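Understanding the architecture of this molecule
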Amino acid sequence: MMTTHTTKMLIIGSGPAGLSAAIYGARAGLEPIVVQGLQPGGQLTITTDVENYPGFRDVIQGPWLMQEMQAQAEHVGTRMLWDTIVRVDLSGPPFRAYGDGGDVYEGETLVIATGAQAKWLGVPGEQELSGKGVSACATCDGFFYRGKKVVVIGGGNTAVEEALYLTNHSQDVTLIHRRDSLRAEKILQDRLFAHPNIKVLWNKAVDHFVGGEGGLSGVALTDTVTGESSVEPTQGAFVAIGHAPATELFKGQLPVDDGGYLIVEPGTPKTAISGVFACGDVMDHTYRQAVTAAGTGCMAALDAERFVALRHHEAAQSAAY
Ligand SMILES: Cc1cc2nc3c(=O)[nH]c(=O)nc-3n(C[C@H](O)[C@H](O)[C@H](O)COP(=O)(O)OP(=O)(O)OC[C@H]3O[C@@H](n4cnc5c(N)ncnc54)[C@H](O)[C@@H]3O)c2cc1C
(Lines give C-alpha, C1' and ligand atoms only; values in the text may rest on other atoms or scores of the structure.)
Protein backbone atom coordinates (compact mmCIF):
# COMPACT_ATOMS: atom_id res chain seq x y z
CA MET A 1 0.00 0.00 0.00
CA MET A 2 1.25 3.46 -0.88
CA THR A 3 2.51 5.47 2.10
CA THR A 4 3.24 9.18 2.40
CA HIS A 5 6.27 10.02 4.56
CA THR A 6 6.50 13.58 5.83
CA THR A 7 9.48 15.43 7.28
CA LYS A 8 10.99 18.86 7.74
CA MET A 9 14.09 17.67 5.86
CA LEU A 10 13.97 15.13 3.08
CA ILE A 11 17.37 13.89 1.92
CA ILE A 12 17.87 11.95 -1.29
CA GLY A 13 21.12 9.97 -1.14
CA SER A 14 23.01 8.16 1.62
CA GLY A 15 26.66 8.90 0.81
CA PRO A 16 28.86 11.14 2.99
CA ALA A 17 26.93 14.26 1.87
CA GLY A 18 23.46 12.90 2.65
CA LEU A 19 24.46 11.29 5.93
CA SER A 20 26.32 14.38 7.17
CA ALA A 21 23.27 16.50 6.32
CA ALA A 22 21.18 13.96 8.26
CA ILE A 23 23.42 14.12 11.35
CA TYR A 24 23.25 17.92 11.47
CA GLY A 25 19.54 18.00 10.54
CA ALA A 26 18.58 15.48 13.20
CA ARG A 27 20.51 17.36 15.87
CA ALA A 28 18.71 20.55 14.82
CA GLY A 29 15.31 18.86 15.31
CA LEU A 30 14.42 18.54 11.62
CA GLU A 31 13.63 14.80 11.97
CA PRO A 32 15.25 13.96 8.63
CA ILE A 33 14.34 11.14 6.32
CA VAL A 34 17.09 9.73 4.11
CA VAL A 35 16.05 7.85 0.98
CA GLN A 36 19.05 5.65 0.33
CA GLY A 37 18.87 4.73 -3.34
CA LEU A 38 20.51 1.82 -5.11
CA GLN A 39 23.89 2.36 -3.47
CA PRO A 40 23.32 2.69 0.29
CA GLY A 41 26.41 4.42 1.70
CA GLY A 42 27.40 5.79 -1.71
CA GLN A 43 30.64 5.47 -3.65
CA LEU A 44 32.87 4.69 -0.67
CA THR A 45 31.14 1.33 -0.35
CA ILE A 46 32.85 0.17 -3.55
CA THR A 47 36.37 0.94 -2.37
CA THR A 48 38.63 -0.62 0.22
CA ASP A 49 41.36 1.49 1.87
CA VAL A 50 40.56 5.08 2.85
CA GLU A 51 43.49 6.97 4.27
CA ASN A 52 42.45 10.61 3.94
CA TYR A 53 39.21 10.91 5.90
CA PRO A 54 40.10 12.93 9.03
CA GLY A 55 39.94 11.34 12.45
CA PHE A 56 41.53 7.96 11.78
CA ARG A 57 45.25 7.39 12.27
CA ASP A 58 45.17 3.98 10.59
CA VAL A 59 43.83 3.07 7.17
CA ILE A 60 40.09 2.39 7.35
CA GLN A 61 37.75 0.58 4.98
CA GLY A 62 35.25 2.60 2.90
CA PRO A 63 32.22 0.35 3.66
CA TRP A 64 33.01 0.41 7.38
CA LEU A 65 33.23 4.23 7.39
CA MET A 66 29.82 4.48 5.74
CA GLN A 67 28.26 1.98 8.19
CA GLU A 68 29.55 4.11 11.06
CA MET A 69 28.23 7.30 9.45
CA GLN A 70 24.80 5.72 9.01
CA ALA A 71 24.81 4.42 12.59
CA GLN A 72 25.65 7.93 13.82
CA ALA A 73 22.85 9.45 11.71
CA GLU A 74 20.33 6.91 13.06
CA HIS A 75 21.59 7.34 16.61
CA VAL A 76 20.68 11.05 16.55
CA GLY A 77 17.23 10.39 15.09
CA THR A 78 17.41 9.99 11.30
CA ARG A 79 14.92 7.70 9.58
CA MET A 80 16.70 5.68 6.87
CA LEU A 81 14.37 4.36 4.17
CA TRP A 82 15.10 1.88 1.38
CA ASP A 83 13.78 3.31 -1.83
CA THR A 84 14.88 4.91 -5.07
CA ILE A 85 13.37 8.17 -6.16
CA VAL A 86 12.04 8.11 -9.71
CA ARG A 87 10.40 11.54 -9.92
CA VAL A 88 10.40 14.82 -8.02
CA ASP A 89 8.06 17.78 -7.86
CA LEU A 90 9.90 20.89 -6.72
CA SER A 91 6.92 23.26 -6.83
CA GLY A 92 6.66 23.23 -3.00
CA PRO A 93 7.27 23.51 -0.17
CA PRO A 94 6.43 20.82 0.56
CA PHE A 95 8.76 19.29 -2.03
CA ARG A 96 7.67 15.85 -3.19
CA ALA A 97 9.70 12.85 -4.23
CA TYR A 98 8.17 9.65 -5.57
CA GLY A 99 9.69 6.25 -4.82
CA ASP A 100 9.76 3.44 -7.36
CA GLY A 101 7.38 1.37 -5.21
CA GLY A 102 4.76 4.15 -5.14
CA ASP A 103 5.59 5.74 -1.76
CA VAL A 104 5.59 9.52 -1.60
CA TYR A 105 8.09 11.57 0.39
CA GLU A 106 7.23 15.14 1.39
CA GLY A 107 9.85 17.50 2.74
CA GLU A 108 9.50 21.06 3.93
CA THR A 109 13.09 21.26 2.68
CA LEU A 110 14.84 18.98 0.22
CA VAL A 111 18.53 18.07 0.30
CA ILE A 112 19.80 16.55 -2.92
CA ALA A 113 22.83 14.33 -2.27
CA THR A 114 22.60 11.90 -5.18
CA GLY A 115 26.33 11.99 -5.92
CA ALA A 116 28.10 11.05 -9.11
CA GLN A 117 29.54 7.90 -10.60
CA ALA A 118 32.97 7.65 -12.17
CA LYS A 119 32.75 6.52 -15.77
CA TRP A 120 34.54 3.25 -16.45
CA LEU A 121 35.86 1.79 -19.68
CA GLY A 122 33.83 -1.41 -19.38
CA VAL A 123 36.69 -3.64 -20.56
CA PRO A 124 37.63 -7.09 -19.17
CA GLY A 125 39.57 -7.08 -15.92
CA GLU A 126 38.51 -3.55 -14.94
CA GLN A 127 35.89 -4.56 -12.38
CA GLU A 128 37.86 -7.54 -11.06
CA LEU A 129 41.00 -5.44 -10.50
CA SER A 130 39.21 -2.37 -9.16
CA GLY A 131 40.87 -1.57 -5.81
CA LYS A 132 43.71 -3.97 -6.71
CA GLY A 133 45.53 -1.64 -9.08
CA VAL A 134 42.66 -0.14 -11.07
CA SER A 135 41.22 3.11 -9.71
CA ALA A 136 39.14 6.07 -10.84
CA CYS A 137 40.55 8.57 -8.34
CA ALA A 138 44.20 9.66 -8.15
CA THR A 139 43.59 11.96 -5.18
CA CYS A 140 42.11 9.01 -3.29
CA ASP A 141 44.50 6.24 -4.28
CA GLY A 142 47.66 7.84 -5.73
CA PHE A 143 49.41 7.66 -2.37
CA PHE A 144 49.20 3.85 -2.43
CA TYR A 145 51.43 3.79 -5.54
CA ARG A 146 54.39 5.71 -4.13
CA GLY A 147 57.52 5.05 -6.18
CA LYS A 148 55.66 2.78 -8.64
CA LYS A 149 55.03 3.13 -12.34
CA VAL A 150 51.45 4.27 -13.00
CA VAL A 151 49.29 4.96 -16.05
CA VAL A 152 46.36 7.31 -16.55
CA ILE A 153 43.75 6.64 -19.22
CA GLY A 154 41.93 9.55 -20.85
CA GLY A 155 42.48 12.76 -22.76
CA GLY A 156 40.42 15.48 -21.07
CA ASN A 157 41.06 17.84 -18.16
CA THR A 158 40.47 15.10 -15.57
CA ALA A 159 43.07 12.80 -17.13
CA VAL A 160 45.71 15.50 -17.38
CA GLU A 161 45.05 16.72 -13.84
CA GLU A 162 45.27 13.15 -12.53
CA ALA A 163 48.57 12.58 -14.37
CA LEU A 164 50.04 15.80 -12.97
CA TYR A 165 48.81 14.95 -9.47
CA LEU A 166 50.37 11.48 -9.63
CA THR A 167 53.83 12.97 -10.19
CA ASN A 168 53.71 13.81 -6.46
CA HIS A 169 54.02 10.07 -5.82
CA SER A 170 55.55 8.51 -8.91
CA GLN A 171 58.57 9.29 -11.08
CA ASP A 172 57.06 7.32 -13.94
CA VAL A 173 53.61 8.40 -15.13
CA THR A 174 52.24 7.44 -18.56
CA LEU A 175 49.13 9.02 -20.05
CA ILE A 176 47.35 6.69 -22.47
CA HIS A 177 44.99 8.27 -24.98
CA ARG A 178 43.05 6.75 -27.86
CA ARG A 179 43.55 9.75 -30.15
CA ASP A 180 46.55 11.80 -31.34
CA SER A 181 45.64 14.99 -29.45
CA LEU A 182 44.18 15.88 -26.04
CA ARG A 183 40.88 17.59 -25.28
CA ALA A 184 42.28 19.15 -22.08
CA GLU A 185 42.73 22.92 -21.73
CA LYS A 186 45.91 24.25 -23.30
CA ILE A 187 47.43 25.41 -20.02
CA LEU A 188 47.09 21.90 -18.58
CA GLN A 189 48.55 20.37 -21.73
CA ASP A 190 51.54 22.73 -21.51
CA ARG A 191 52.21 21.61 -17.93
CA LEU A 192 51.83 17.97 -18.90
CA PHE A 193 54.20 18.11 -21.89
CA ALA A 194 56.76 20.08 -19.87
CA HIS A 195 56.83 17.54 -17.04
CA PRO A 196 59.95 15.34 -17.15
CA ASN A 197 58.22 12.39 -15.40
CA ILE A 198 55.21 12.11 -17.71
CA LYS A 199 55.16 10.45 -21.11
CA VAL A 200 52.17 10.10 -23.44
CA LEU A 201 51.19 7.01 -25.43
CA TRP A 202 49.10 8.26 -28.38
CA ASN A 203 46.51 6.29 -30.36
CA LYS A 204 46.22 3.50 -27.83
CA ALA A 205 42.90 2.04 -26.70
CA VAL A 206 42.71 -0.19 -23.62
CA ASP A 207 41.75 -3.70 -24.62
CA HIS A 208 41.80 -5.22 -21.12
CA PHE A 209 43.53 -5.02 -17.75
CA VAL A 210 46.07 -7.74 -17.00
CA GLY A 211 46.10 -9.33 -13.54
CA GLY A 212 49.24 -10.69 -11.93
CA GLU A 213 50.29 -11.87 -8.50
CA GLY A 214 48.65 -9.55 -5.96
CA GLY A 215 46.82 -7.33 -8.45
CA LEU A 216 47.30 -5.41 -11.67
CA SER A 217 50.44 -6.15 -13.69
CA GLY A 218 49.73 -4.31 -16.94
CA VAL A 219 47.34 -2.79 -19.43
CA ALA A 220 46.77 -4.51 -22.78
CA LEU A 221 46.52 -1.95 -25.57
CA THR A 222 45.49 -1.83 -29.21
CA ASP A 223 46.95 0.81 -31.50
CA THR A 224 43.94 2.64 -32.98
CA VAL A 225 45.87 3.38 -36.21
CA THR A 226 47.89 0.21 -36.89
CA GLY A 227 45.81 -2.30 -34.91
CA GLU A 228 49.00 -3.57 -33.25
CA SER A 229 48.70 -5.08 -29.74
CA SER A 230 51.02 -4.34 -26.83
CA VAL A 231 51.10 -4.54 -23.05
CA GLU A 232 52.13 -1.57 -20.91
CA PRO A 233 53.42 -2.96 -17.59
CA THR A 234 52.08 -1.08 -14.55
CA GLN A 235 50.87 -1.68 -11.01
CA GLY A 236 48.49 1.27 -10.95
CA ALA A 237 46.02 2.32 -13.67
CA PHE A 238 43.79 5.36 -13.22
CA VAL A 239 40.73 5.54 -15.44
CA ALA A 240 40.05 9.26 -15.93
CA ILE A 241 37.35 9.55 -18.56
CA GLY A 242 34.95 11.67 -16.51
CA HIS A 243 32.10 11.42 -14.04
CA ALA A 244 28.33 11.28 -14.45
CA PRO A 245 26.42 13.25 -11.79
CA ALA A 246 23.05 11.73 -10.83
CA THR A 247 20.91 14.69 -11.90
CA GLU A 248 18.55 13.14 -14.42
CA LEU A 249 15.68 13.48 -11.90
CA PHE A 250 16.07 17.24 -11.62
CA LYS A 251 16.57 18.23 -15.27
CA GLY A 252 14.00 20.79 -16.33
CA GLN A 253 13.34 21.76 -12.70
CA LEU A 254 16.82 22.88 -11.61
CA PRO A 255 19.65 24.34 -13.69
CA VAL A 256 22.62 22.10 -14.46
CA ASP A 257 25.99 23.01 -15.99
CA ASP A 258 27.54 21.60 -19.18
CA GLY A 259 28.73 18.50 -17.30
CA GLY A 260 25.24 17.88 -15.86
CA TYR A 261 26.16 19.01 -12.29
CA LEU A 262 23.56 20.95 -10.31
CA ILE A 263 24.32 24.66 -10.17
CA VAL A 264 24.37 26.22 -6.70
CA GLU A 265 24.91 29.77 -5.47
CA PRO A 266 28.73 30.00 -5.20
CA GLY A 267 30.02 29.07 -1.76
CA THR A 268 26.63 27.72 -0.63
CA PRO A 269 24.50 24.59 -1.20
CA LYS A 270 21.53 26.78 -2.31
CA THR A 271 19.92 25.84 -5.62
CA ALA A 272 17.73 28.09 -7.74
CA ILE A 273 14.71 27.00 -5.65
CA SER A 274 14.46 28.35 -2.12
CA GLY A 275 14.36 25.42 0.33
CA VAL A 276 16.06 22.98 -2.07
CA PHE A 277 19.76 22.38 -1.38
CA ALA A 278 22.40 20.33 -3.18
CA CYS A 279 25.55 18.92 -1.63
CA GLY A 280 28.41 16.56 -2.38
CA ASP A 281 29.50 15.26 -5.75
CA VAL A 282 26.20 16.06 -7.43
CA MET A 283 27.15 19.77 -7.36
CA ASP A 284 30.93 19.54 -7.14
CA HIS A 285 32.94 18.60 -10.21
CA THR A 286 36.16 19.94 -8.74
CA TYR A 287 36.97 18.29 -5.40
CA ARG A 288 34.85 15.09 -5.31
CA GLN A 289 36.08 13.81 -1.95
CA ALA A 290 34.25 12.25 0.98
CA VAL A 291 35.31 15.04 3.30
CA THR A 292 34.16 17.81 0.94
CA ALA A 293 30.87 15.96 0.40
CA ALA A 294 30.43 15.74 4.19
CA GLY A 295 31.30 19.44 4.52
CA THR A 296 28.72 20.57 2.01
CA GLY A 297 26.19 18.16 3.56
CA CYS A 298 26.68 20.00 6.84
CA MET A 299 26.20 23.34 5.07
CA ALA A 300 22.97 22.10 3.45
CA ALA A 301 21.55 21.06 6.82
CA LEU A 302 22.47 24.36 8.47
CA ASP A 303 20.80 26.29 5.63
CA ALA A 304 17.76 23.97 5.75
CA GLU A 305 17.39 24.62 9.47
CA ARG A 306 17.48 28.41 8.85
CA PHE A 307 14.92 28.06 6.08
CA VAL A 308 12.52 26.09 8.30
CA ALA A 309 13.00 28.42 11.28
CA LEU A 310 12.30 31.51 9.18
CA ARG A 311 9.21 29.94 7.61
CA HIS A 312 7.79 28.93 10.99
CA HIS A 313 8.56 32.37 12.40
CA GLU A 314 6.77 34.07 9.49
CA ALA A 315 3.80 31.71 9.84
CA ALA A 316 3.57 32.51 13.57
CA GLN A 317 3.80 36.24 12.85
CA SER A 318 1.01 36.19 10.30
CA ALA A 319 -1.17 34.02 12.58
CA ALA A 320 -0.72 36.63 15.33
CA TYR A 321 -2.22 39.38 13.16
C1 LIG B 1 36.57 3.73 -6.02
C2 LIG B 1 36.47 5.05 -5.28
C3 LIG B 1 37.36 5.32 -4.25
C4 LIG B 1 37.28 6.52 -3.55
N5 LIG B 1 38.15 6.76 -2.54
C6 LIG B 1 38.06 7.90 -1.82
C7 LIG B 1 38.93 8.15 -0.74
O8 LIG B 1 39.82 7.35 -0.43
N9 LIG B 1 38.75 9.32 -0.06
C10 LIG B 1 37.80 10.23 -0.39
O11 LIG B 1 37.68 11.25 0.29
N12 LIG B 1 36.98 10.03 -1.41
C13 LIG B 1 37.08 8.89 -2.15
N14 LIG B 1 36.24 8.67 -3.21
C15 LIG B 1 35.29 9.73 -3.58
C16 LIG B 1 34.09 9.71 -2.62
O17 LIG B 1 33.59 8.40 -2.54
C18 LIG B 1 33.01 10.67 -3.12
O19 LIG B 1 33.55 11.97 -3.25
C20 LIG B 1 31.85 10.72 -2.12
O21 LIG B 1 31.32 9.43 -1.90
C22 LIG B 1 30.73 11.64 -2.61
O23 LIG B 1 29.73 11.59 -1.66
P24 LIG B 1 28.21 11.98 -2.00
O25 LIG B 1 27.47 11.77 -0.75
O26 LIG B 1 28.18 13.29 -2.66
O27 LIG B 1 27.73 10.95 -3.12
P28 LIG B 1 27.81 9.38 -3.27
O29 LIG B 1 28.80 8.76 -2.37
O30 LIG B 1 27.97 9.18 -4.75
O31 LIG B 1 26.35 8.89 -2.83
C32 LIG B 1 25.24 9.14 -3.62
C33 LIG B 1 24.02 8.53 -2.95
O34 LIG B 1 22.86 8.94 -3.67
C35 LIG B 1 21.99 7.84 -3.81
N36 LIG B 1 21.11 8.07 -4.96
C37 LIG B 1 21.45 8.37 -6.24
N38 LIG B 1 20.34 8.47 -7.01
C39 LIG B 1 19.28 8.24 -6.17
C40 LIG B 1 17.87 8.20 -6.36
N41 LIG B 1 17.30 8.40 -7.56
N42 LIG B 1 17.08 7.94 -5.29
C43 LIG B 1 17.62 7.75 -4.07
N44 LIG B 1 18.96 7.78 -3.83
C45 LIG B 1 19.76 8.01 -4.88
C46 LIG B 1 22.91 6.63 -3.96
O47 LIG B 1 22.26 5.42 -3.66
C48 LIG B 1 24.00 7.01 -2.92
O49 LIG B 1 23.59 6.58 -1.66
C50 LIG B 1 36.30 7.48 -3.92
C51 LIG B 1 35.39 7.22 -4.95
C52 LIG B 1 35.48 6.01 -5.62
C53 LIG B 1 34.50 5.72 -6.74
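Every chain begins its residue count from 1, and numbering advances along the sequence as written. Confidence filtering applies because this is a predicted model: local features only for residues at pLDDT of at least 70, side-chain atom pairs given and counted only at 80 or more, and all residues used for totals across whole chains, interfaces and linings.

1. Topic: the site of the ligand
The condition is simple: Think of it this way: take the backbone, place a C-beta atom on it, and check whether that atom is within 6 Å of the molecule or strand, in which case the residue is near it. Helical segments are the DSSP runs of H or I of at least four residues, strand segments are the runs of E of at least two, and each set is numbered from the N terminus. Amino acids outside the nonpolar list (Ala, Val, Leu, Ile, Met, Phe, Trp, Tyr, Cys, Pro) and the charged list (Asp, Glu, Lys, Arg) are all regarded as polar, and Gly is one of them. Note that the domain bounds were set by an automatic or database domain assignment.
The full set close to the ligand counts 41 residues, and Gly15, Gly37, Gly42, Gly115 and Gly280 are the nearest of them. If you list the elements that add at least two residues to the shell around the ligand, you get helix H1 (16–27), strand E9 (116–118) and helix H6 (290–320). Residue classes in the shell around the ligand are distributed as 23 nonpolar, 16 polar and 2 charged. Three or more residues apiece are contributed to the shell around the ligand by two domains, here domain 1 (4–118 + 243–320) and domain 2 (134–239).

2. Focus on the domain arrangement of the chain
To keep it simple, the criterion reads: Two residues form a contact once the distance between their C-beta atoms, set from the backbone, is within 7 Å.
Each assigned domain of the chain is listed with its residue range as follows: domain 1 (4–118 + 243–320) and domain 2 (134–239). Distance from the C-alpha centre of domain 1 to the C-alpha centre of domain 2: 34 Å. Counting residues at the interface gives 5 residues for domain 1 and 5 residues for domain 2. Classifying every residue of the side of domain 1 that touches domain 2 gives 1 nonpolar, 2 polar and 2 charged.

3. As for the UniProt feature "domain: FAD/NAD(P)-binding" (unreviewed entry) in the chain
We apply this condition: UniProt positions are given in the numbering used here, feature names are shortened, and annotations may be inferred rather than shown by experiment.
The UniProt entry lists residues 8–297 under the feature "domain: FAD/NAD(P)-binding" (unreviewed entry), expressed in the numbering used here. With 20% helix and 29% strand, residues 8–297 has end C-alpha atoms that lie 16 Å from one another.

4. As for the nonpolar core
Our working definition: Here, a nonpolar core denotes buried Ala, Val, Leu, Ile, Met, Phe, Trp, Tyr and Cys residues that are linked to one another through C-beta atoms within 7 Å. Backbone-placed C-beta atoms define the burial measure: a residue is buried with 20 or more other C-beta atoms within 10 Å of its own, exposed with 12 or fewer, and partly exposed in between.
In this structure, Ile11, Ala21, Val111, Ile112 and Cys279 are the most contacted members of the largest nonpolar core, which totals 52 residues. Counting residues per element, this core draws most heavily on H6, at 9 residues. Those residues in contact with Ile11 that lie beyond four places of it in its chain are Gly18, Ala21, Ala22, Pro32, Ile33, Val34, Val111 and Ala113. Residues Leu129, Leu166, Val206 and Phe238 belong to the second largest nonpolar core, which totals 29 residues.

5. Describing the sheet that holds strand E13 (residues 198–201)
This is how the line gets drawn: DSSP calls a pair of strands paired once it identifies at least 2 bridges connecting them. Between N-to-C directions, angles cover 0 to 180 degrees, with each direction set by a line fitted to C-alpha atoms, over the stretch in contact for helices.
Spatially, E10-E17-E11-E12-E13 is the arrangement adopted by the 5 strands of the open sheet, whose pairing is parallel. The open sheet is flanked by strand E10 (134–135) and E13, the only strands paired with a single partner. Note: strand E12 (residues 173–176) against E13, 4 bridges, orientation parallel. Bridge assignment links Ile176 to a residue of E13, and that residue is Leu201. With respect to the sheet, helix H4 (residues 157–166) is in contact with strand E11 (150–153), E12, E13 and strand E17 (236–239), its orientation differing from that of E11 by roughly 165°.

6. Here's the deal with the pairing of strand E14 (residues 204–212)
For E14 and strand E15 (residues 215–223), the ladder comprises 8 bridges, and the chain directions are antiparallel. Following the sheet pairing, Lys204 is matched in E15 by Asp223. Hairpin connection of E14 to E15: 2 residues between the antiparallel strands, including Gly214 at a positive phi of 80°.

7. Side note on H4
With 7 of 10 residues buried, H4 lies mostly within the body of the structure. Turning to H4, its buried residues are Thr158, Ala159, Val160, Glu161, Glu162, Ala163 and Leu166. Lining the buried residues of H4 we find helix H3 (138–141), E11, E12, helix H5 (186–194), E13 and E17.

8. Topic: the sheet that holds strand E16 (residues 229–233)
If you walk across this open sheet you meet the 3 strands as E14-E15-E16, and the pairing is antiparallel. Only two strands of the sheet have a single neighbouring strand rather than two, namely E14 and E16. The average undirected angle you get between the axes of adjacent strands in this sheet is 30°.

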